Amino acid sequence: MSEKLKVEGREHLLAQLQDEQENAGYISEQFIKQTAESLGISISEVYGVATFYHLLSTQPQGRNVILVCKCIPCYFKGSDSVIETIHEKLGIAPGETTQDGKFSLQLTNCIGACDQAPAILLNHDLHCNLTPVKIAQILEACQ
Amino acid sequence: MPEKRIVLKNCEIIDPRDVNTSLEQDGFKALNQALGMPPEAVIAEVKASGLRGRGGAGFPCGLKWEIARKSLSVEKYLICNADEGEVGTFKDRYILQNDPFTLIEAMAIAAHAINAKQAYIYLRAEYHYLLAGLAEAINQVKAKGFLQHLDITIREGAGAYICGEESALMDSIEGKRGEARFKPPFPPNKGLWGKPTIINNVETLMNIPAILLNGAGWFNQIGTDKSKGTKVFSVSGDVDRPGVCEFVMGSRLEEIIVDWAHARDIKMVQVGGATGGIIPASMIKTPLAFETILGSGAVTALDKSRDTLDFVSRTVEFLAEESCGKCTPCREGTEVMLEILGRLARGEGQKEDIQTLEELSNVMSLSSLCGLGQAASIPVLDTLKYFRNEYETRINQSVFLRSLRGQRWQ
């Protein structure tokens, strides 16, 4: 294989990991090994990329992933109470997944919705200006 | 001074889902003009305008283009940096949502100027919900025949603040961990896959069509000596009216935060995101420009109810989490800083903590590989400068309380 081809194959690593995250909900050890083999790079290199980015996960996630922004503008507008409300409704703390596998709760850094704080991303969708009532409705819609 | 819209002139005027509404507002007129000019003339115009990068660093845009243009490589790349991760910054989101067409036009002009056939828009993963609209906008522009010389591909990030740093961004496009590279070489000489690459922020590019249509002389008249044109600000925090606004460079912080956003009881304002400087209420008339303070244009207000140490420790927590880990001063420095600030915020401070923070700040700003580590200490040093008494009082109280409990150390 020429050097050029190797470089081009390598380029697709992040995209492949993103696809797997999207389809399987996480990146398994098995997938890391397969990808390393198919791209002709080391397992540690693939693992290094998989664990570098916040939105890639090497642990199984719930079917709905809630990302709560915890940066200053959202924190000032009550991100703590958003976390508290979700905890009350679903019984999970940040980093946890509900037993039925429906929801995972994660904290995240600035998602660029500071003008509509507090905000969350739920499966890529932005929900902002959150109140306990609004959060309940959003979670309800996922059931 | 009221708002002045150059970058945002089409926002909330055109329909971002219909390229025809952009054409009605002179969309793609500048591109047609540019395609009829020699690339060197386009670059000369941008150089003469004095336009500087809006992502935070303020590098002269035309100079960057010229270096890439002169580079002998056949393959060259253009990247639009839409990895807007700076805390409190959401202007690029607003632009992408409201006027993707001017951005695409500007990219087509830039590609013509440096002779790039391939361009990327690096969109942060948190903005995934903008991807379909942006892709549709590119398709519409293509269908109108405006992109015959250029292929624009959207690349999505996967959640990493550091990928807004240009060299980390390129590593991410190459499918790697987004870690900052050693510089030189700089991207216009050796960038993506080792080829000359121009990386421009969304807002920087948005200025290009207006500069070509109205001329460098027009643009050059707006702003201050060293900062030409306008700046788009993202206003958040303790204000009644958070949002995006555009003011002439050199406008006073007060005009934005008080007159426009209606902030009250201001204690301090952070300008430029997590690594941005702190302006205390007493300096609210500070003009915002590259020669004073600007960064990404994030303006976050803190009112008098806010605890300085809580604010600073949360800010440094963000930086510690987002450090890419490649260089030691940043990776370890942000962690140690966070440990000290966390202790101070919890009321467990020690007498030498302030001195340690200052020494650490010096080491980090001198020896870190990229802007993250170099600037991580700015909020710490600035609050130490303006709110030192809060640090000292908290430490003295902690030491006193420990002495009551019979803990004699410190």
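Residues numbered from 1 in each chain as written. Chains lettered and ligands numbered in written order. Predicted model: local features only at pLDDT ≥ 70, side-chain atom pairs only at ≥ 80, totals over all residues.

Residues with a pLDDT of 70 or more make up 99% of chain B, whose mean pLDDT is 96. Quick note on the complex model: pTM equals 0.96, ipTM equals 0.95. (pLDDT = per-residue confidence, 0-100.)

What follows concerns the nonpolar core. Residues and elements named next belong to chain B. Ranked by size, the top nonpolar core spans 167 residues in total, and within it Leu78, Ile79, Met107, Ile109, Ala110, Ile256 and Ile257 carry the most contacts. Ranked by the residues each element gives to this core, the list is headed by helix H6 (residues 100–114), at 11 residues. When neighbours within four sequence positions are excluded, Ile109 is seen to be in contact with Ala30, Leu31, Ala34, Val42, Ile208, Pro209 and Leu212. (Core = buried A, V, L, I, M, F, W, Y, C linked by C-beta atoms within 7 Å. Buried ≥ 20, exposed ≤ 12 C-beta atoms within 10 Å, placed from the backbone. Helix = DSSP H or I, 4+ residues; strand = E, 2+ residues; numbered from the N terminus. Contact = placed C-beta atoms within 7 Å.)

Okay, the pairing of strand E4 (residues 197–201) of chain B next. Residues and elements named next belong to chain B. Counting buried positions along E4 yields five of five residues, so the element is predominantly enclosed. The alternating pattern of E4 places Thr197, Ile199 and Asn201 on one face and Ile198 and Asn200 on the opposite face, and all of these are buried. Sheet topology places strand E1 (residues 77–82) next to E4; five bridges connect them, and they run parallel. Within E4, the residue paired with Ile79 across the bridge is Ile199. (Pairing = 2+ DSSP bridges.)

The partner chain A presents 31 residues to the 37 residues of chain B that form the contact. Within the residue set of the side of chain B that touches chain A, elements represented by two or more residues are strand E5 (230–237) and helix H13 (308–322) of chain B. In terms of residues, the side of chain B that touches chain A owes the most to one element, H13(B), which gives six residues. When the residues that make up the side of chain B that touches chain A are grouped by side-chain class, the tally is 12 nonpolar, 14 polar and 11 charged. (Nonpolar A, V, L, I, M, F, W, Y, C, P; charged D, E, K, R; others polar.)

With that out of the way, let us pick up the sheet that holds strand E8 (residues 277–280) of chain B. Residues and elements named next belong to chain B. Within the open sheet, the five strands sit side by side as E6-E5-E9-E7-E8. Their pairing is mixed. Edge positions in the sheet fall to strand E6 (243–248) and E8, since each has one partner strand and no second. Here the average twist between neighbouring strands, direction ignored, is 30°. Across six bridges, the pairing between E5 and E6 is antiparallel. Within E6, the residue paired with Ser234 across the bridge is Val244. (Axes fitted to C-alpha atoms, helices over the stretch in contact; angles between N-to-C directions.)

Right, let's get into the environment of A:Ala93. Residue and element names in this part refer to chain A. Structurally, the position occupied by Ala93 is in the loop between helix H6 (79–90) and strand E2 (103–108). For Ala93, a count of 11 C-beta atoms within 10 Å corresponds to the exposed category. Among residues more than four places away in sequence, those in contact with Ala93 are His87 and Leu105.

We now examine the confidence of the model for chain A. For chain A, per-residue confidence averages 93 on the pLDDT scale, and 94% of positions sit at 70 or higher. Low pLDDT, under 50, characterises residues 1–6 of chain A; the predicted model gives this stretch two contacts beyond four residues in sequence or across chains.

An α-helix turns once every 3.6 residues. As a result, residues three or four positions apart point the same way. All names here are of chain B. Taking 1.5 Å of rise per residue, 19 residues should cover 27 Å, and helix H14 (residues 328–346) covers 27 Å from first to last C-alpha, within 8% of that figure. The complete set of buried residues in H14 reads Cys330, Gly333, Thr334, Met337, Leu338, Ile340, Leu341 and Leu344. Summarising the contacts, the buried residues of H14 are in contact with H13, helix H15 (353–367), helix H16 (371–375), helix H17 (378–386) and helix H18 (388–404). Directly after H14, the chain includes Gly347, whose backbone phi takes a positive value near 80°. (Expected span 1.5 Å × (residues − 1).)

All names here are of chain A. Summarising burial for strand E1 (residues 64–69): five of the six residues are buried, a large majority. Relative to E2, E1 runs parallel, the two sharing six bridges. Along E2, the bridge assignment pairs Ile66 with Leu105. Two strands pair when backbone bridges link them, and E1 and strand E3 (residues 120–122) are joined in this way by three bridges, in the antiparallel orientation. Directly across from Leu67, in E3, lies its bridge partner Leu121.

Our next topic: the domain arrangement of chain A. Splitting chain A by domain gives domain 1 (3–50) and domain 2 (64–142). Between the C-alpha centres of domain 1 of chain A and domain 2 of chain A there is a distance of 30 Å. (Domains from an automatic or database assignment.)

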